[in-house]
Amino acid sequence: MGMQANNRRKIHTAGALALVGVTLLSVLLAVRLPPGDVPAQAQDGDVTPTPTPTPLPPPLIELNEDVIKRATVYLMQTYQNQGQPIISCVGSGTLISTDGLILTNAHTAVSSERCRSDRVVVAITVRLDEPPVPTYTAEVVEISQGLDLAVMRINGYLDGRPIEPGSLALPFVELGDSNEVNLDDTITIVGYPDLGNSPVELTRGTVTGFTAEARAGDRAWMRTGAVIPGTMTGGGAYNRDGKLIGIPTIAPTQVGGQPADCRVLQDTNLDGRADQNDACVPVGGFISALRPSRAARGLVRAATLGIRQGPDMTSTVLPPPEGEPSFSRLFFATRVNEAGVPANVVGSAPAGITSLYLFFDYHNMVNGMIYELRVTVDDTTEAIYGLPPATWSGGRSGMWYIGSSNIPWKNGVYFFRLFIEGREVASRSIVIGGGPTAEPGFSDIVFGLLDRDSGMLVGTSYVLPEGAAIQARFNYRNMVQGTPWTYIWYYEGRELARSQEVWTLDAQGTHVITAEAEFLPGRYRLELGVNNILSATADFVVAGGAEGARPVIFTDFRFTTQQPGGSGTIQPARSEFPSGIQSLVVFFNWRLLAPGTPWTWRWLIDGDMLIEVTEPWDAATDGENYFVSLESLQTLPDGTYTLEVSINNVPLASVSARVGLGQLPVGVFASGEGVQMLGRITDAATGQGIPGALFIVLRPEYSVEDFTWTQSQVLGTSLADSQGYFQIPVLLPRGTTTAPLLYSVLVRAEGYIPVSADGIRVVEDTPSPVEINVELNRG
């Protein structure tokens, strides 16, 4: 049995495959496989080539549409009130593994002040033309409240019965690479359009731009003009290949402390009426922003591997900030460097610019708060330049930015308004248009240490060791001798030194200034002004001792499997561990790191991101045996584990250890490296599709004769839709030419004679998808 791409062959040979209950004359199996993939006995049959070439296939998104819809779930956060389940919040989600992992928004997955819940109900699509059916419950296994992303796992049925491991075989989708998405690409968004009364829907649109955000870079968000209802938050956006490349995201907004768009669903106060006195379910506004799938890869990888962040030395919850959250010191830049520092400061911009960033200071913020940027151009709202309600991820205090690059910024008067929890807290305007100006100014500040011997700037960075003299180098342009200019140094928000001078140098070039002081550990800032107007600014951190011009902050890293606590001695350091360990702990020493300094640590496995945390340093300035850890409920998989530490996007340390073989087992993740199996099941007499027909693919180690209707023998199943089309949700692993994998299939439908077949060969060069079309006879 076989078929070349775009060359269908019909098999009419009895005995070509092992069949149950019917001869080959009663079933047509047309499979897209390369030449030579036909079982030997089938190659002797009557093969009739199609006389004309088959047209190019449609985009895979169209072939995968039914599976994508079935992999999209409806999530309801619920709580009990006098024995009655009350729905507090709703959203969509996407199955990303056959055993029930769901990718969604964090605000849809965890209980909060806005969305009270004691369990999350998962409703699935049973029939594509009907609303979802509540079926399961789920729990959070990985979460990033700052990114507003979470991975949940289906853990039980609604009646309280647990899910037995390995018993689920659900349709799922594969994560794509959102970095390959380009402006004007066509995308398909899938989710539930209302409060559970309608079937899953899809809408198509294009990528209209990318929004930048501090720490996440120029692709923190993808933007689209597609019409996406708020209840699709947490659902999926797909490329033409049918891979998940974005998560539609909008957080519930508030006005005056109340949800801005809210619907009453139930009698929550149990007074016999559902009215304005009852709690309502927020539905959000229309969605225009998508979190790229790349932001979720670490969470998904950790959830798939069963790995989670373990304890660390200061993993206690910080008390809430005392003051009101606020934004201040707003300014614009047209360039941002790799460290996330504004390269310039502009008060206006010429026509034709393609990048603009709004910078601001923030204080008393908490990750998970809702913030928003609204932008008007000539008094008309322009959503593409703003940011819809999103969860905060920057920590308590610092400098942040939102903006975009590689999109046209049209001429006009722009007005930027920032909101925290629905309350406007700051605003700033800028004019774009006209030709470039010759205004004097400074740009591109970088810091370093003064080399006493050469008098030169060395060790340029934004993290510097403790010392007595720091230099700042910057560019200047269009300067006129006699122009007043200013530089101000700050330490932890307090002015440290100021100098007002008159310009005496050339019109353009590079200049260096020196600050002579005792630079203690902490956060610093330099502001440069021309004519009392801010012209350039940059922040830096002083930490650690000097090794040449390089800061040495974190030292003496040691890997162990010992969970901290107790009075025992720390195990000896190791870099290799046997398979089967349950946790991995890294101890290290530190020096001259001020409490409150934001630092980042991330775990990688085999070079791929696993977990990343940015938080304020919450230990003493100097010390020993700080620790971070990974743990698993069972055992950590074999692999090479790496811990990276950085401050201000400046890498400071990287250490690795091997567990077992030092690499992940093959086939851990659902991947496009497998082969998709799909097709259609029809009535042999009428040619009409058979809705609800069951198609089963067995694991390659089992034949039809071996099959005892045990779940462990099944690789994947699919029910045909209203037109008879099916798609197996699990990708078929590939074999090799020398060791091919042979798959067996069974087809069942009520009122029809069942059929089955062995010997479907899948190797490394088997094209995907494999298409199998089956005709069934009435029994």
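Our subject in this report is the structure included herewith.

Reading guide: rules and limits
- Residues numbered from 1 in each chain as written.
- Predicted model: local features only at pLDDT ≥ 70, side-chain atom pairs only at ≥ 80, totals over all residues.
- Heavy atoms only, no water.
- Phe/Tyr/Trp six-rings, centres within 6.5 Å; stacked < 30°, edge-to-face > 60°.
- Helix = DSSP H or I, 4+ residues; strand = E, 2+ residues; numbered from the N terminus.
- Buried < 20%, exposed > 50% of the residue type's maximum accessible area, 1.4 Å probe, protein only.
- Core = buried A, V, L, I, M, F, W, Y, C linked by side-chain atoms within 4.5 Å.
- Contact = heavy atoms within 4.5 Å.
- 1 Å grid on protein atoms, 1.4 Å probe; cavity = no way out; pocket = protein on both sides within 12 Å on 5 of 7 lines; lining within 4 Å.
- Points joined across faces, edges and corners; volume = space filled by probe spheres on them.
- Disulfide = S-S within 2.5 Å.
- Pairing = 2+ DSSP bridges.
- Salt bridge = Lys/Arg side-chain N within 4 Å of Asp/Glu carboxyl O.
- Polar contact = N/O pair within 3.5 Å; in protein donor to acceptor, adjacent residues only side chain to side chain.

Thoughts on the packing of aromatic side chains
- For the structure shown, the criterion picks out 46 aromatic pairs.
- Seen from their ring centres, Tyr476 and Trp503 are 4.7 Å apart, and the 65° between their planes marks the pair as edge-to-face. With Tyr476 in strand S30 (residues 467-477) and Trp503 in the loop between strand S32 (494-502) and strand S33 (509-519), this pair connects stretches of sequence that are 27 residues apart.
- Using a relative accessible area of 1% as the deciding quantity, one classes Trp503 as buried.
- With a centroid separation of 5.6 Å and an interplanar angle of 85°, the aromatic rings of Trp599 and Tyr626 are classed as edge-to-face.

Observations regarding the nonpolar core
- Leu103, Met677, Ile681, Phe695, Val697 and Leu776 are the most contacted members of the largest nonpolar core, which totals 72 residues.
- When sequence neighbours within four positions are dropped, the list of residues in contact with Ile681 reads Gln688, Gly689, Ile690, Ala693, Phe695, Gly724, Phe726, Val747, Val774 and Leu776.
- Leu356, Met365, Val375 and Met399 belong to the second-largest nonpolar core, a separate cluster that totals 43 residues.

Re empty space enclosed by the protein
- The final tally for this structure, using the stated rule, is 4 cavities of 30 Å³ or more.
- Considered as a void within the structure, the largest cavity measures approximately 100 Å³ in volume.
- Lining the largest cavity are 14 residues, and of these Val90, His107, Thr233, Pro252 and Pro282 lie nearest its centre.
- Breaking the lining of the largest cavity down by element, the ones donating at least two residues are strand S2 (84-95) and helix H3 (106-109).

Here we look at the state of the cysteines
- For the coordinates displayed, the defined rule picks out 1 disulfide.
- Between the sulfur atoms of Cys89 and its disulfide partner Cys115 the distance amounts to 2.0 Å. Looking along the S-S bond of the Cys89-Cys115 disulfide, the torsion reads about -75°, which is the left-handed sense. With Cys89 in strand S2 and Cys115 in the loop between H3 and strand S4 (119-124), this residue pair connects regions lying 26 residues apart in the sequence. Here Cys89 matches Cys115 in class, with each residue buried.

Things to note about the sheet that holds strand S41 (residues 598-605)
- Pairing is mixed across the open sheet formed by 5 strands, whose spatial order is S39-S45-S44-S41-S42. Of all strands in the sheet, those bounded by a partner on one side alone are strand S39 (576-577) and strand S42 (608-616).
- Sheet topology note: the S41/strand S44 (residues 639-647) ladder contains 6 bridges and is antiparallel. If you follow Trp603 over to S44, its bridge partner there is Leu643.

Concerning the pairing of S32
- Here strand S31 (residues 484-491) pairs with S32 via 8 bridges, running antiparallel. Note that in S32 the partner of Tyr490 across the bridge is Glu495.

Some points on the pattern of salt bridges
- Inspection of the entire model under this criterion finds 25 salt bridges.
- Here Arg525 ties to Asp361 by a salt bridge, and the two come within 2.9 Å at their closest N and O atoms. Highlighted residues: Arg525 in strand S34 (residues 522-530) and Asp361 in strand S20 (residues 355-363), separated in sequence by 164 residues. We note that Arg525, like Asp361, is buried.
- Here Arg602 makes a salt bridge to Glu612, at a shortest N to O gap of 2.9 Å. Here Arg602 is found in strand S41, whereas its partner Glu612 is found in strand S42, with 10 residues between them in sequence.

Topic: the environment of Arg70
- Relative to the assigned elements, Arg70 resides in helix H2 (residues 65-70).
- In the structure, Arg70 is positioned 55 residues away from Thr125 in sequence and 5.6 Å away in space, judged by C-alpha atoms.
- Looking at Arg70, its side chain comes within polar contact range of the main-chain oxygen of Val126, at 3.1 Å.

Looking at the environment of Pro162
- Along the chain, Pro162 turns up in the loop between strand S6 (149-157) and strand S7 (186-191).
- Overall, the relative accessible area of 54% leaves Pro162 in the exposed class.
- As a C-alpha pair, Pro162 and Thr137 span 25 residues in sequence and 9.3 Å in three-dimensional space.
- Here Pro162 is in contact with Asn155, Gly156 and Tyr157, once residues within four sequence places are set aside.

Here we look at the pairing of S4
- Taking burial as the measure, the 6 residues of S4 include 5 buried ones, the bulk of the element.
- One ladder, built from 5 bridges, connects strand S1 (residues 72-81) with S4; its direction is antiparallel. Looking across to S4, one finds that Met76 is bridged to Val121.

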